[in-house]
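Commentary on secondary and tertiary structure
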Amino acid sequence: MAAAASLPIARAQGYVEREIRIPWTQAQPNGLDALLVYVDLPGKHPLLVLTHGSARNREEHALVSPWQQLPQALWFAQHGWVVLAVVRRGFGSSGGEEEASRGGRCPNTDYQAVDEYAADSLRTAIEYARKLPQVDDTKIVVAGVSTGGMTSVALTANPPRGLVAGINFAGGRGSKADHDVCNPGDLVGAYKAHGKKSRIPMLWIYAENDKFFWPDLAKKFDVAFKAGGGQDQFVLAPPDGDDGHHLFSHIEAWSDTVDAFLKEQNLAPLATLLPEVQAPNVPPPAGLNEAGLRAFHRYLIYGPHKAFAVSGSFFGYSTGRITADEARQKAYDSCQQSAKVKGECTVVSVDGSAPAAR
């Protein structure tokens, strides 16, 4: 794995960021790709397992990297958690069959079976993490976004030893287009089935402008889950950006809600938060406004395989990608979308390098 500028900086500040492979016969030949993030403190600490969502375009499933969840992992690590971000079977470079092979592709929608298959990846990751010397395996929380959120719900229906809470960020499956889900009745039915077995306290967060699983549908998930006996605290967050389904990427949109939930469950490992990771001393590109400077600071912290592009005061960046070339393209595309002018964006930094003078 190529090292990025942010990694030694983070380690120097006590943060450990390490990509690992979790061996599993059902994820051959590569096992599960995962990212371990924590602050190197004495003793054992509770475990937070994170997992990703799924793009509507199946070709993008091969591009999933655990580093994409580094921002969220660092937030939990700052609060005292050992975080394991897991790429489930068949996504990214993790081995094994993808979840859609279990009947999750429209029009065949056995959502419950897909969820249970997906949850096995998390269960395997938890068993691996139990053996880590820094992990207290009596206090485990699972959290996921989109398909990962629904996978987290499924895990609570058949919980591994030590699982004490779960967080579902905009969970669901089967989104074909904005406000269009394949067989929504089957999806609601899967939540009801999970609720019949789940007794683990959960927090569910959906945004008012979620276009994948909009409020009316999300509330049906909630009602069905609770009808079966499930225990979730349902939160409808204010609109977030153009599509609230991406609320998970904006930590400030959910941090207070998650913090309050964990404290209610007596799951606040530290009385005083640890310092945030500070960015390396790399000069920003010329011409950035205040928002651009903040974005460049975030870009420097996150990685590896990242890039930053600019066009005057406009910018775009991408972090946590499978390759540096993918990061370049994503950063360029993001900048072009911001600038709305083709051909004027330039990638000025890759993997934290100092921008060249322009």
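Here is a short report on the structure shown in this document. Note that the structure is predicted; figures quoted are calculated from it, not measured. The residue numbers shown here count from 1 along each chain, following its written sequence. Where totals are concerned, whole chains, interfaces and linings use all residues; where local detail is concerned, this predicted model gives features only for residues with pLDDT of at least 70, and gives and counts side-chain atom pairs only at 80 or more. Excluding hydrogens and water, the side-chain values take into account all heavy atoms of the structure.

Across its full length, the protein chain carries nine helices and 13 strands. Values of the radius of gyration come from C-alpha atoms, whereas the globule rule sets the reference at 2.2 Å times the count of residues to the power 0.38. Here the C-alpha radius of gyration of the protein chain, 20 Å, is about what a compact globule of 358 residues would show, namely 21 Å. With the principal axes as the frame, the protein chain shows a C-alpha extent of 60 × 50 × 40 Å. Exposure categories follow from relative accessible area, calculated using a 1.4 Å probe and restricted to protein chains: below 20% of the type maximum is buried, above 50% is exposed, and the middle band is partly exposed. Counting all 358 residues of the protein chain, 55% fall into the buried class. For the protein chain, contacts bridging at least 24 residues in sequence account for 70% of all contacts bridging at least 6. Positive charges come from Lys and Arg alone, negative charges from Asp and Glu alone, with His and the N- and C-terminal ends not counted. Where a charge lies is defined by one atom per residue type: Lys uses NZ, Arg uses CZ, Asp uses CG and Glu uses CD. Considering the protein chain, the positive charge centre built from 35 side chains and the negative charge centre built from 38 side chains are found 3 Å apart. Helix numbering and strand numbering both begin at the N terminus, where a helix is a DSSP run of H or I of at least 4 residues and a strand a DSSP run of E of at least 2. When checking whether two residues touch, look at their non-hydrogen atoms; a contact exists if any pair is within 4.5 Å.

With that out of the way, let us pick up the sheet that holds strand β11 (residues 307–311). Criterion used throughout: strands pair if DSSP finds at least two bridges between them. Pairing in this open sheet of three strands is antiparallel, and the strands run β12-β11-β13 from one edge to the other. In the strand order of this sheet, the two ends are held by β12 (314–318) and β13 (346–350), each with one partner. Put simply, the sheet's adjacent strands are angled 25 degrees from each other on average, direction ignored. Sheet topology places β11 next to β13; four bridges connect them, and they run antiparallel. Along β13, the bridge assignment pairs A309 with V347. Here the axes come from fitting lines to C-alpha atoms, over the contacting stretch only for helices, and the angles between their N-to-C directions go from 0 to 180 degrees. Packing of helix α8 (residues 290–301) onto the sheet brings it into contact with β11, β12 and β13, and relative to β12 it is tilted by some 15 degrees. In this fold helix α9 (residues 324–339) packs onto β11, β12 and β13, with an angle of close to 150 degrees to the strand it touches most, β12.

The subject of this paragraph is the environment of L132. In this fold, L132 is placed in the loop between α3 (111–130) and β5 (135–145). Sequence separation of L132 and V82 is 50 residues, and the distance between their C-alpha atoms is 9.9 Å. Leave out the neighbours within four places in its chain, and L132 touches L36 and K44.

Function cannot be inferred from these measures alone, as they are strictly geometric.
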